[in-house]
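Read off the chains here:
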Amino acid sequence: MKPFRYERATDAAGAVASVAAHPGAAFLGAGTNLVDHLKLGITAPDLLVDVTRLPLDRVEELDDGGLRVGANVRNADLAAHPAVRTRYPVLSQALLSGASGQLRNLATTGGNLLQRTRCAYFQDRGAPCNKRDPGSGCAALDGWTRYHAVLGASSHCVAVHPSDMAVALTALDAVVVTLGPDGERRIPLTEFHRLPGDAPHRDTVLRHGELITAVELPALPYAARSRYRKVRDRASYAFALVSVAVALDLEDDGRTVREARIALGGVAHKPWRAVRAERALRGLPATEESCRTAAEAETADAHPLRDNAFKVPLVHGTLVAVVRELVPESPGRLEGSR
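Just so it is clear, the model here is predicted, and its values are computed rather than measured.

Criteria and thresholds
Residues numbered from 1 in each chain as written. Predicted model: local features only at pLDDT ≥ 70, side-chain atom pairs only at ≥ 80, totals over all residues. Heavy atoms only, no water. Helix = DSSP H or I, 4+ residues; strand = E, 2+ residues; numbered from the N terminus. Rg over C-alpha atoms; globule rule 2.2 N^0.38 Å. Buried < 20%, exposed > 50% of the residue type's maximum accessible area, 1.4 Å probe, protein only. Contact = heavy atoms within 4.5 Å. Areas by Shrake-Rupley, 256 points an atom, 1.4 Å probe, with all protein chains shown as cover. Lys, Arg positive; Asp, Glu negative; His and termini not counted. Charge placed at Lys NZ, Arg CZ, Asp CG, Glu CD. Polar contact = N/O pair within 3.5 Å; in protein donor to acceptor, adjacent residues only side chain to side chain. Axes fitted to C-alpha atoms, helices over the stretch in contact; angles between N-to-C directions. Parallel < 35°, antiparallel > 145°, perpendicular 65-115°, else oblique. Left-handed = near helix turned anticlockwise from the far one by under 90°. Nonpolar A, V, L, I, M, F, W, Y, C, P; charged D, E, K, R; others polar. Expected span 1.5 Å × (residues − 1). Core = buried A, V, L, I, M, F, W, Y, C linked by side-chain atoms within 4.5 Å. Pairing = 2+ DSSP bridges.

Q: Any chance you could explain the overall build of the protein chain here in plain terms?
A: For the protein chain, the count of helices and strands is 12 helices and 12 strands. Rg of the C-alpha trace for the protein chain: 20 Å, near the compact-globule value of 20 Å for 338 residues, within the 12% margin. Going through the 338 residues of the protein chain one by one, you find that 53% of them count as buried. Intrachain contacts of the protein chain at a sequence separation of at least 6 include 64% that bridge at least 24 residues. Of the roughly 14700 Å² of accessible surface on the protein chain, 51% is carried by carbon and sulfur atoms. One finds the centroid of the 42 positive side-chain charges in the protein chain at a distance of 4 Å from the centroid of its 39 negative side-chain charges.

Structure representation (structure tokens):
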């Protein structure tokens, strides 16, 4: 591991100034992802600025009925928060499906959003990887691609984003609040993460020295009718092959979709907002047929790789199941989905 300097920030503005002044500096939160990368030699900052003692660890009510979640709120605390469990259950479910209890007790909201891909080639310094070493190539293109992208990928990178929390937040129209050298910014989560294009080493739109201070959840009354489902190779401690987050607003008949918020995980370089599926469902009864048609519309431009063509029908089946579970008296609806 390359030697580095360590500073403990006492205020957000000072943390931003310290990182912004050093091209090789980085913020240090819980370190559940960063420390692994330091050990593997994937990253080698010369200065780490510890932001864990900053007063960003509260969940607060907003005047409009939404919630403001501090960047240092632990994943376990956020999942257990009464307002999250009752008003945004999809977020609580997503958090509880990610990692182990020990990691959730340590990992933070801001750090979760900044997780880097778990692509095996990204983590193998002996393999070419444009995300780790721009211009070196993408070993995954001719390699093992079971976990890789079927939507929004490029010839430069086919890795997927690993966060469960970010998928739920994308469905909820969350906004990321940051502080940078030029002041505060508010970034819709749908615009926060990037598709790879020809610059896959840039995961987000953050500028150097820009610190996540909070995530804001808008008042979305029908988010109380929401669900997250994660399909994976084993029941725990595994990243998603496919995940689906849905919040559903129904007409008075209890069957017709007035509005929907849908996001997919495990299929793209970023949490994938399923706008085509949302549009296809709007105004229709949430039947199995309409849900499947919506899912097929969302994946119309999918480009599976050698080992992951199964992800397309898996998206279809999972999306249909989740939407149908949220409709009262639908076959297969689970208790507590109201």
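Q: Whenever I open this one, the side chain of Arg273 confuses me. Can you help?
A: Looking at where Arg273 falls in the secondary structure, it is placed in strand β12 (residues 272-273). Here Arg273 falls in the buried class, since its relative accessible area comes to 15%. Within the local environment of Arg273, its side chain forms a polar contact with the side chain of Asp173, the two groups lying 2.7 Å apart. What Arg273 contacts, discounting residues up to four positions off in sequence, is Thr170, Ala171, Asp173, Thr190, Arg261, Ile262, Ala263, Glu278 and Glu298.

Q: Help me understand the packing of helix α11 (residues 288-298) against helix α12 (residues 311-325), please; the structure alone is not making it clear to me.
A: For any two helices packed against each other, one specifies the inter-axial angle together with the distance between the axes. Where α11 contacts α12, the two axes come as close as 9 Å, and the packing angle between them is 135°. By the angle between their axes, α11 is oblique relative to α12. For the pair α11 and α12, the crossing hand works out as right-handed. Between α11, through Glu288, Cys291, Arg292, Ala295 and Glu296, and α12, the contact on the second element is made entirely by His316, Gly317, Leu319, Val320, Val323 and Arg324. Residue composition of the contact of α11 with α12, by class: 5 nonpolar, 2 polar and 4 charged.

Q: Any chance you could explain α12 here in plain terms?
A: Structurally, the α-helix is built with 3.6 residues per turn, so residues lying three or four positions apart point the same way. Between its first and last C-alpha, α12 extends 21 Å over 15 residues, near the 21 Å set by a 1.5 Å rise per residue. Counting buried positions along α12 gives 11 out of 15 residues, so the element sits mostly inside the fold. All of the buried residues along α12 are Lys311, Val312, Val315, His316, Thr318, Leu319, Val320, Val322, Val323, Arg324 and Glu325. Looking at the buried positions of α12, the neighbouring elements they touch are β9 (226-231), β10 (242-250), β11 (257-265), α10 (275-281) and α11.

Q: Can you walk me through the nonpolar core in this structure?
A: Among soluble globular proteins, nonpolar side chains are generally buried collectively. Membership of the largest hydrophobic core comes to 36 residues, with the highest contact counts inside it found for Leu91, Leu113, Leu169, Leu172 and Leu217. Of all the elements in the fold, those that place two or more residues in this core are β5 (67-70), α3 (75-80), α4 (82-87), α5 (89-96), α8 (165-171), α9 (189-192), β8 (211-217) and β10. Core analysis: the next-biggest nonpolar cluster, separate from the first, contains 30 residues, Val267, Ala294, Ala302 and Val327 among them.

Q: Looking at this structure, I do not really get the sheet that holds β5. What am I missing?
A: In a beta sheet, neighbouring strands are held together by backbone hydrogen bonds and run either parallel or antiparallel to one another. Within the open sheet, the 5 strands sit side by side as β4-β5-β8-β6-β7. Their pairing is antiparallel. The sheet terminates laterally at β4 (59-61) and β7 (183-188), the two strands that pair on one side only. Ignoring strand direction, the axes of neighbouring strands in this sheet form an average angle of 25°. One ladder, built from 5 bridges, connects strand β6 (residues 175-180) with β8; its direction is antiparallel. Looking across to β8, one finds that Val177 is bridged to Ala214.

By themselves these figures say nothing about function.
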